[in-house]
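# Structural description and commentary
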Amino acid sequence: MFKLSKKLQDLPPYLFVEIDKAKRNAKQEGRDIIDLGVGDPDQPTPAHIIDRLYQAARDPSTHRYALDQGLSGLRKAIAQWSERRFNVKLDPETEILPLIGSKEGIAHFPLAFLNGGDYSLVPDPCYPPYKGGTILAGGKPYIMPLKEENAFLPDLKKIPLNILRKAKLVYINYPNNPTASIAERDFYTDVVKFATKNKIIVISDLAYSEIAYDGYRPSSFLEVEGAKDLGIEFHSLSKTYNMTGWRIGWASGNAQLVSALAKVKSNIDSGIFSAIQLAGITALEGPQQHIKDICQLYQERRNTLIAGLQSLGWQVTVPKATFYVWLKIPKKTDSIKFSTLLLEKADIVVTPGVGFGKYGEGYIRMALTISKERIQEAVERLRRIL
Ligand SMILES: *Cc1c(COP(=O)(O)O)cnc(C)c1O
């Protein structure tokens, strides 16, 4: 009866809704589902952060509208964290903006810079809000394929000139969801050169900066010289502190980009619950041991899964970061069919690669957010059906 807007019609379907539905149905039938699908930490938020929320929530001064630009204490804590972690200096007054989860900021950012018909350069496969945010802002995603032979880095030299002229934004995301690939500093240096030459804003999504293995420490795009002249980086407390449900993250980088996002948001939301911001300060400033612990936990699970898949004769790349394993599937099938087969025959949920874009076809993503025992059980079920 009602006609959806052109923009909404143009949005790709949000894949995880479909997966969740199929999974719920299977559960309703009473089947014992092993869920390697959704990338959401299974461990609880550390207790000292929860305690701070309790205490802050009892203080009536946290009950009112929060400031749009976030608490200055949170912005200062973010600046100090960024300097400690990456040696990147940020002005808490102008170069940092707390967000209601980084997805919120990532999806709203294109509203600040795209006009109808402008392009965003979007990696494919990718985290869905890069395309979604672009389309909702009236822009067009231009797909940069992430291919295994290029270590899942985009080939910036392949983008045609007529596209570059109309491109306003480029998205990069390393450590990467869904491919679990990483970027070295050389890549960031190339991105700065490319973006400077073509006058394109760089959006770096660093949600997995702390989830890394074997001694690897991801770097920030903003570490590279010149990056702050044209870049904005999105960070999240979600994966680092097991706080996905809390909705808190931030944007940092170029002051003009940060203030433009703040202007968009001032018309849409009214800030993060102050008690959550205070708990966020505790997360960033409190003991960090738990990060080592969860990385250790994911690393053991990763090793279990990889060893299991290898014992099935599967070729796997061992991820150095994120809690995902990106797996090539047999050539004769496609990722939806293969995922459906795993659900129907083995009661295993995985995410079909095509859900992240057409260059994700031929792959599935498994998330390391279940116990080692369940991962072992999943491998045994795979052994039975393959
Ligand atoms: C999980 C994730 C985020 C973080 O989302 P929040 O909104 O901060 O919870 C951002 N980018 C990618 C690629 C992710 O996987």
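Quick look at the overall build of the chain now. When helices and strands are counted, the chain shows 14 helices and 12 strands. Against the compact-globule benchmark of 21 Å for 386 residues, the chain has a radius of gyration of 21 Å, which places it among compact chains. If one aligns the C-alpha atoms of the chain with their principal axes, the spans along those axes are about 60 × 55 × 55 Å. Here the chain holds 386 residues, and the buried ones make up 55% of them. Within the chain, contacts between residues separated by at least 24 positions form 75% of all contacts whose residues are at least 6 apart in sequence. Computed over 51 positive and 42 negative side-chain charges, the separation of the two mean positions in the chain equals 5 Å.

Tracing the sequence through the fold places Leu111 in helix H6 (residues 110-113). Placed 26 residues apart in sequence, Leu111 and Ala137 show a C-alpha to C-alpha distance of 5.0 Å. What Leu111 contacts, discounting residues up to four positions off in sequence, is Leu136, Ala137, Val264 and Ile268.

As a further point, take the pattern of salt bridges. This model, assessed by the stated rule, comprises 24 salt bridges. In this structure, the salt-bridge partner of Lys228 is Glu95, at a minimum N-O distance of 3.0 Å. A residue pair is termed long-range when its members are at least 10 positions apart, and Lys228 in the loop between strand S6 (201-205) and strand S7 (231-236) and Glu95 in the loop between helix H4 (72-86) and strand S2 (96-99) qualify at 133 residues. When salt bridges with common partners are traced through the structure, they connect Asp32, Arg374, Glu377 and Arg381 into a single cluster.

So, about the site of the ligand. Among the 14 residues in the neighbourhood of the ligand, the closest are listed as Asp205, Ser236, Ser238, Lys239 and Arg247. Between the ligand and Asn177, the relevant distance is 2.8 Å, taken from an oxygen atom to a side-chain nitrogen or oxygen of the residue. Here an oxygen atom of the ligand sits 2.7 Å away from a polar atom, N or O, in the side chain of Tyr208. Burial of the ligand by the protein chains amounts to 94% of its free accessible area of 390 Å².

Okay, the packing of H4 against helix H11 (residues 274-285) next. The N-to-C vectors of H4 and H11 enclose an angle of 20°; their axes lie 9 Å apart at closest approach. In terms of orientation, H4 lies roughly parallel with respect to H11. Classified by chirality, the crossing of H11 by H4 is left-handed. Touching Gly73, Leu74, Ala77, Ile78, Gln80, Trp81 and Arg84 of H4 are Gln277, Gly280, Ile281, Leu284 and Glu285, all from H11.

What follows concerns H11. An α-helix turns once every 3.6 residues. As a result, residues three or four positions apart point the same way. For H11, built from 12 residues, the straight-helix expectation of 16 Å at 1.5 Å per residue is met to within 8% by its first-to-last C-alpha distance of 17 Å. Counted residue by residue, H11 has 10 buried out of 12 residues, so it is predominantly covered. Within H11 the residues assigned to the buried category are Ser274, Ala275, Ile276, Gln277, Ala279, Gly280, Ile281, Thr282, Ala283 and Leu284. As for H11, its buried residues are in contact with helix H3 (47-57), H4 and strand S8 (249-253).

A few words on a nonpolar patch on the surface. On the surface, a nonpolar cluster with roughly 270 Å² of combined accessible area is contributed by Leu4, Leu8 and Leu136. Along the chain, the position of Leu4 falls in the segment before helix H1 (6-10).

Quick look at the packing of aromatic side chains now. Considering all chains together, one arrives at 18 aromatic pairs under this definition. Geometrically, the ring pair formed by Phe109 and Phe113 is tilted, given 5.3 Å between the ring centres and 40° between the ring planes. For the pair shown, Phe109 and Phe113 are each scored as buried. Among the aromatic residues, ring-to-ring pairing joins Phe152, Trp326, Phe356 and Tyr363 into one connected group.

Conventions and cut-offs
Residues numbered from 1 in each chain as written. Predicted model: local features only at pLDDT ≥ 70, side-chain atom pairs only at ≥ 80, totals over all residues. Heavy atoms only, no water. Helix = DSSP H or I, 4+ residues; strand = E, 2+ residues; numbered from the N terminus. Rg over C-alpha atoms; globule rule 2.2 N^0.38 Å. Buried < 20%, exposed > 50% of the residue type's maximum accessible area, 1.4 Å probe, protein only. Contact = heavy atoms within 4.5 Å. Lys, Arg positive; Asp, Glu negative; His and termini not counted. Charge placed at Lys NZ, Arg CZ, Asp CG, Glu CD. Salt bridge = Lys/Arg side-chain N within 4 Å of Asp/Glu carboxyl O. Near = heavy atom within 4 Å. Polar contact = N/O pair within 3.5 Å; in protein donor to acceptor, adjacent residues only side chain to side chain. Areas by Shrake-Rupley, 256 points an atom, 1.4 Å probe, with all protein chains shown as cover. Axes fitted to C-alpha atoms, helices over the stretch in contact; angles between N-to-C directions. Parallel < 35°, antiparallel > 145°, perpendicular 65-115°, else oblique. Left-handed = near helix turned anticlockwise from the far one by under 90°. Expected span 1.5 Å × (residues − 1). Patch = residues over 30% accessible without salt bridge, like charges linked within 9 Å, V, L, I, M, F, W, Y side chains within 5 Å. Phe/Tyr/Trp six-rings, centres within 6.5 Å; stacked < 30°, edge-to-face > 60°.

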